[in-house]
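# Fold and contact review
These are the residues of each chain, in order.
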Amino acid sequence: MAYTELIKNFNRIRDYMREFYVYGFKSRDGFTQKSARSYDDERRRLESWLGDYMQFRQTPAGKTVFLSVDSRLCRHNPLYKAWKTKSFTDGDITLHFILMDIVAQAKEALSVREIMEQTDAYLSGFPDPRLTDESTLRKKLREYVTEGILTTEKHGKSLYYKRTPDTACYDTDVLDFFSEVSCCGVIGSFLLDKADFINGPHRDHFTFKHHYITGAMDSEIVCQLLLAMQEKRGVTLITTGKNRDHISESRVVPLRIMISVQNGRQYLMAFTPGSNRIRSFRTDHILSVTPGEISGRFDELRETLNGMRPHMWGVSTQSRSGRRTEEVTFTVRYEEDEPYIHQRLEREKRCGTVERVDGCTSRFSASVYDASELIPWIRTFLCRITEIHFSNAALEAQFKEDIREMYRLYGLEGGESI
Amino acid sequence: MIFSELYGAYYNAVAEILKHAVDHPLEKNELRRIVEKHAFGESILNVEPSLTGEKWQLLRPDGTTPLQSPPSLPLTLIQKRWLASLASDPRIRLFVENPLDFGDVSPLFTPEDLCVFDRYADGDDYADPAYRRNFRLILNAIRNQYPLRIATVNRRGNIARMDVLPKYLEYSEKDDKFRLFCLGHHFRGTVNLGRITCCTRCTRNYRKSFSQGMPPEPGSVTFELTDERNALERVLLHFAHFEKQAEQTGERRFRVTIRYAKEDETELVIRILSFGPMIRVTAPSYFVNLIRERLIRQKNCGL
């Protein structure tokens, strides 16, 4: 098929965007799962959409292409552009603008016949006017009613269509801010496009630090999960493995979207009847969401999840040791002029307790489903950890061995204190 | 659904073209300028011939359009549902006293549907009326570029007063805090909104006397990464918000360079430490020493 700038299916480009943005070290030959032609097309598309952010580097393995974005400097998530690339037919775009013009002029709701006649009148000025068939028009009208831009009235047995009245919207400051920090923020980006169309380009007044933009690629998946949760509906998920090497199907009851602002990952917490437990699914591993039946247990299951939260550091609901919960305790020592270390423990802990042992010593302890989830955080206190204990002995041994390995990496091997 | 041509760059560009064509016959140059501005790098190759070749029968050969009025589209249902969701976000009241009411449109999500699980607990107090008042005044001053007199309280509890020209607000999702970037008489810097105790409009207009200052000093760090325990993905996702370069140097070995603002160096040191032995900093040498120094101190703690 000839190359086109627009696309029909988002999933394929989603994979390439992730490769170019998150990883960015593979050459053309490294994309073994897809054909070289497919790679060339997707790379060309991304270059067209995101040219300002595309970079190239020549390596011994070949030319590598990557997306380099400092999200603190760009005020709008550039990956949202990918959501503005849906392909359409010549008939779609012609009918769209004419149809919306017809309903904008109409003082009353119009029948399908009236809309058809007017459409033909609009097109009659062209030398070779496009023919509109009734079934295409009816399909488009139904689609726009579902989208909410047209409403219907029943006159006898016939449906009449009119434009949905305009609604107030927030100003561009609100849209600028929430399009970056709110779930499904790409919808805010669509609203900004609309505001700029009406009022002309606006000036933005916000920047964002620690801003992860990768979640944008999962917007449609997250949106479908939110819609299902609003209706307390089960869903069927098609998911892929970590290495994109296998595909699974799971019927679940979606309960909550868990968002990390420290690594940008988003997870679905869902009840899986097959294993009779609540577990997490990474949204970037979900390929599709199909709505299922309404679940009578939704409220009860969400309450169960709420009850689990005090033992969840991240999203894990099961320990590696097989125990229901694991205990972790560590003690840090700091100088008198470093009271912020205790404050750090207080503000960064997500569960558990912090106690002040003396003016220069504080202790954190928690009982969690999976103590391994705390390890990266505990390591941020390296240089002041005086004691540490995990009820999972293997984890404790691993933690200590990792520290010894770090000593070796930086030429500090040997057991003696320095 | 989100992935729809209704929100697409082509529809937006064509709407802009038709808006102009309703007003006056459109020249080709004008059409090209609009496409370049509203669509993508290669869009002109498709949009222009489709319109002028009448595949899309919206523009006549003389540059006029059969449309009677500029294109307009009401909000779609998903847009209304998303906007309705903002009402339950405490930050919306920084901008408006009363969130918009979308009648019987149910929100796309409620606070119960989402959980940010690793946000720091000492974020700004958005319910504080004084904070909201300051936020609105600062945002207005940024929009209209007038100076402010602000008083802040520092870590030791001392009050400092200064006149500043506000430029923009920065929000950190991790810290859940806003910072004001501003120009002062002798500096260019940031002020945490949570530390502002008083904020008023300057009565004197001395906009021109504010220092442009120096831009923030950039830094960069390079480390080697060993892809064990899924470290490659974890590290690259974690540092994804920085400008970075990654290259493969061996079967499971990678070299990553990250560019960061120098003011965030301490934070970057502890974030690198959080990955343990999976990453080893190799350059610059003073950064290597920052890590070594912490490990030496850790060794002295007896672990």
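These numbers were taken from a predicted model, which means no experiment stands behind them.

## Concerning the overall build of chain B
Secondary structure assignment for chain B yields eight helices and ten strands. Scaling as 2.2 N^0.38, a compact globule of 303 residues should have a C-alpha radius of gyration of about 19 Å, whereas chain B reaches 26 Å, well beyond that. Overall size of chain B, expressed as C-alpha extent along the three principal axes, is 80 × 60 × 45 Å. Residues classed as buried in chain B amount to 37% of the 303 residues present.

## Examining the overall build of chain A
Scanning chain A from terminus to terminus reveals twelve helices and 14 strands. Against the compact-globule benchmark of 22 Å for 418 residues, chain A has a radius of gyration of 27 Å, which places it well outside the compact range. Its C-alpha atoms give chain A principal-axis dimensions of roughly 90 × 55 × 45 Å. Per-residue burial over chain A gives 39% buried out of 418 residues. A separation threshold of at least 6 residues defines the contact pool for chain A, and within that pool the share at least 24 residues apart is 62%.

## Re the packing of helix 6 (residues 172-181) of chain A against helix 7 (residues 186-199) of chain A
Each packed pair of helices is defined by two parameters, the angle between the axes and the distance between the axes. Residue and element names in this part refer to chain A. For the pair helix 6 and helix 7, interaxial distance at closest approach is 8 Å and the crossing angle is 150 degrees. Here helix 6 is positioned roughly antiparallel relative to helix 7, judged by the angle of their axes. Between helix 6 and helix 7 lies a crossing whose hand is left-handed. Residue-level inspection shows Thr172, Leu175, Asp176, Phe178 and Ser179 of helix 6 in contact with helix 7, the latter providing Gly188, Ser189, Leu191, Leu192 and Ala195.

## Structural notes on the interface of chain A and chain B
If you look at the interface, chain A gives 114 residues, while chain B gives 104 residues. Broken down by element, the side of chain A that touches chain B gets its largest block of residues, nine residues, from helix 3 (residues 90-105) of chain A. For the side of chain A that touches chain B, the per-class residue count stands at 55 nonpolar, 30 polar and 29 charged. In this sheet, strand 1 (residues 114-116) of chain B lies alongside strand 7 (residues 247-259) of chain A in parallel orientation, the contact comprising three bridges. Bridge assignment links Ile259(A) to a residue of strand 1 of chain B, and that residue is Val116(B).

## Focus: the sheet that holds strand 9 (residues 253-261) of chain B
Residues and elements named next belong to chain B. Here we have four strands laid out as an open sheet, ordered 8-9-7-10, and antiparallel in their pairing. Looking along the sheet, the strands with just one partner apiece sit at the ends: strand 8 (243-248) and strand 10 (279-283). If you compare each strand with its neighbour and ignore which way they point, the axes differ by 25 degrees on average. Across four bridges, strand 7 (residues 218-226) lies against strand 10 in antiparallel orientation. The residue bridging Glu224 from the neighbouring strand is Arg280, located in strand 10. Most of the contacts of helix 6 (residues 231-238) go to strand 7, to which it runs at about 170 degrees, and overall it touches strand 7, strand 8, strand 9 and strand 10.

## As for the environment of Ile378(A)
Residue and element names in this part refer to chain A. Residue position: Ile378 is located in helix 11 (residues 375-379). Under the C-beta neighbour-count criterion, Ile378 is labelled partly exposed, with 19 such atoms within 10 Å. Spatially, the C-alpha atom of Ile378 lies 46 Å from that of Pro201, the residues being 177 residues apart in sequence.

## Notes on unusual backbone geometry
Leaving glycine out, the prevailing phi sign among residues is negative, and the prevailing peptide bond configuration is trans. A cis amide bond, omega -5 degrees, links Ala283(B) with the succeeding residue Pro284(B). By the element assignment, Pro284(B) lies in the loop between strand 10 and helix 8 (285-300). Positive phi values are uncommon outside glycine, yet Cys184(A) reaches one of about 55 degrees. Residue classification places Cys184(A) among the buried residues on the basis of 24 C-beta atoms within 10 Å. Here Lys232(A), not a glycine, exhibits a phi torsion of approximately 55 degrees, which is positive. By secondary structure assignment, the location of Lys232(A) is in the loop between helix 8 (219-230) and strand 6 (233-240).

## Let's talk about the domain arrangement of chain B
For chain B, the assigned domains read domain 1 (1-73), domain 2 (77-113), domain 3 (129-211) and domain 4 (218-300). Taking only C-alpha atoms, the centre of domain 3 of chain B and the centre of domain 4 of chain B are 34 Å apart.

## Remarks on helix 5 (residues 129-144) of chain B
Across its 16 residues, helix 5 of chain B extends 23 Å between first and last C-alpha, which sits within 8% of the 22 Å expected from 1.5 Å per residue. Within helix 5 of chain B the residues assigned to the buried category are Asn134(B), Phe135(B), Ile138(B), Leu139(B), Ala141(B) and Ile142(B). Each buried residue of helix 5 of chain B sits inside an arc of 160 degrees when the element is viewed along its axis, so together they form one side. Exposed side chains of helix 5 of chain B directed beyond 90 degrees from the buried face belong to Pro129(B), Arg133(B), Arg143(B) and Asn144(B). Next to the buried residues of helix 5 of chain B lie helix 6 of chain A together with strand 2 (148-153), strand 3 (159-172), strand 4 (177-183) and strand 6 (196-201) of chain B. Gln145(B) sits one or two residues past helix 5 of chain B and shows a positive phi near 50 degrees.

## So, the sheet that holds strand 14 (residues 385-390) of chain A
Adjacent strands of a sheet pair through backbone hydrogen bonds, lying either parallel or antiparallel. Residues and elements named next belong to chain A. Spatially, the four strands line up as an open sheet ordered 12-13-11-14, and their pairing is antiparallel. Here the strands that pair on one side only, and so sit at the sheet edges, are strand 12 (353-358) and strand 14. Taking each pair of neighbouring strands and ignoring which way they run, the sheet shows an average axis angle of 15 degrees. Examined bridge by bridge, strand 12 and strand 13 (residues 361-368) share five bridges and lie antiparallel to one another.

## Re the nonpolar core
Leu225(A), Ala270(A), Ala13(B), Val14(B), Leu236(B) and Ile272(B) are the most contacted members of the largest nonpolar core, which has 158 residues in total. Per-element accounting of this core gives the leading share, nine residues, to helix 1 (residues 9-23) of chain B. Apart from residues no more than four positions distant in its own chain, Ile272(B) is found in contact with Phe223(B), Ile279(B), Val281(B) and Ile291(B). Formed by 20 residues, the second largest nonpolar core is a distinct cluster that contains Phe135(B), Val164(B), Leu165(B) and Leu169(B).

## Quick look at the environment of Gly8(B)
Its location among the elements puts Gly8(B) in the segment before helix 1. Classification of Gly8(B) as buried rests on a count of 22 C-beta atoms within 10 Å. The spatial distance from the C-alpha of Gly8(B) to the C-alpha of Ser220(B) is 37 Å, given a sequence separation of 212 residues. Aside from chain neighbours lying at most four places away, what touches Gly8(B) is Lys84(A), Thr85(A) and Lys86(A).

## Notes on helix 3 of chain A
For helix 3 of chain A, with 16 residues, the first-to-last C-alpha span of 23 Å sits near the 22 Å given by 1.5 Å per residue. Burial in helix 3 of chain A covers these residues: Ile93(A), Thr94(A), Leu95(A), His96(A), Phe97(A), Ile98(A), Leu99(A), Met100(A), Asp101(A), Ile102(A) and Val103(A).

## Focus: the packing of helix 4 (residues 112-123) of chain A against helix 5 (residues 134-147) of chain A
Residue and element names in this part refer to chain A. Closest axis-to-axis distance for the helix 4/helix 5 pair is 11 Å, and the angle between their directions is 110 degrees. With respect to helix 5, the axis of helix 4 lies roughly perpendicular. In the packing of helix 4 onto helix 5, the handedness of the crossing is right-handed. Across the interface between the two elements, Val112, Ile115 and Met116 from helix 4 touch Glu134, Leu137, Arg138 and Leu141 from helix 5.

## Side note on the pairing of strand 4 of chain B
Residue and element names in this part refer to chain B. The pairing of strand 3 with strand 4 spans seven bridges and is antiparallel. Bridging from a neighbouring strand, Pro166 pairs with Cys182 of strand 4. Where strand 3 folds back on strand 4, the antiparallel hairpin that results is connected by four residues, among which Asp176 adopts a positive phi of roughly 55 degrees. With five bridges joining them, strand 4 and strand 5 (residues 188-192) adopt antiparallel strand pairing. Within strand 5, the residue paired with Arg179 across the bridge is Asn192.

Cut-offs and rules
Residues numbered from 1 in each chain as written. Chains lettered and ligands numbered in written order. Predicted model: local features only at pLDDT ≥ 70, side-chain atom pairs only at ≥ 80, totals over all residues. Helix = DSSP H or I, 4+ residues; strand = E, 2+ residues; numbered from the N terminus. Rg over C-alpha atoms; globule rule 2.2 N^0.38 Å. Buried ≥ 20, exposed ≤ 12 C-beta atoms within 10 Å, placed from the backbone. Contact = placed C-beta atoms within 7 Å. Axes fitted to C-alpha atoms, helices over the stretch in contact; angles between N-to-C directions. Parallel < 35°, antiparallel > 145°, perpendicular 65-115°, else oblique. Left-handed = near helix turned anticlockwise from the far one by under 90°. Nonpolar A, V, L, I, M, F, W, Y, C, P; charged D, E, K, R; others polar. Pairing = 2+ DSSP bridges. Domains from an automatic or database assignment. Expected span 1.5 Å × (residues − 1). Arc of directions from axis to C-beta. Core = buried A, V, L, I, M, F, W, Y, C linked by C-beta atoms within 7 Å.

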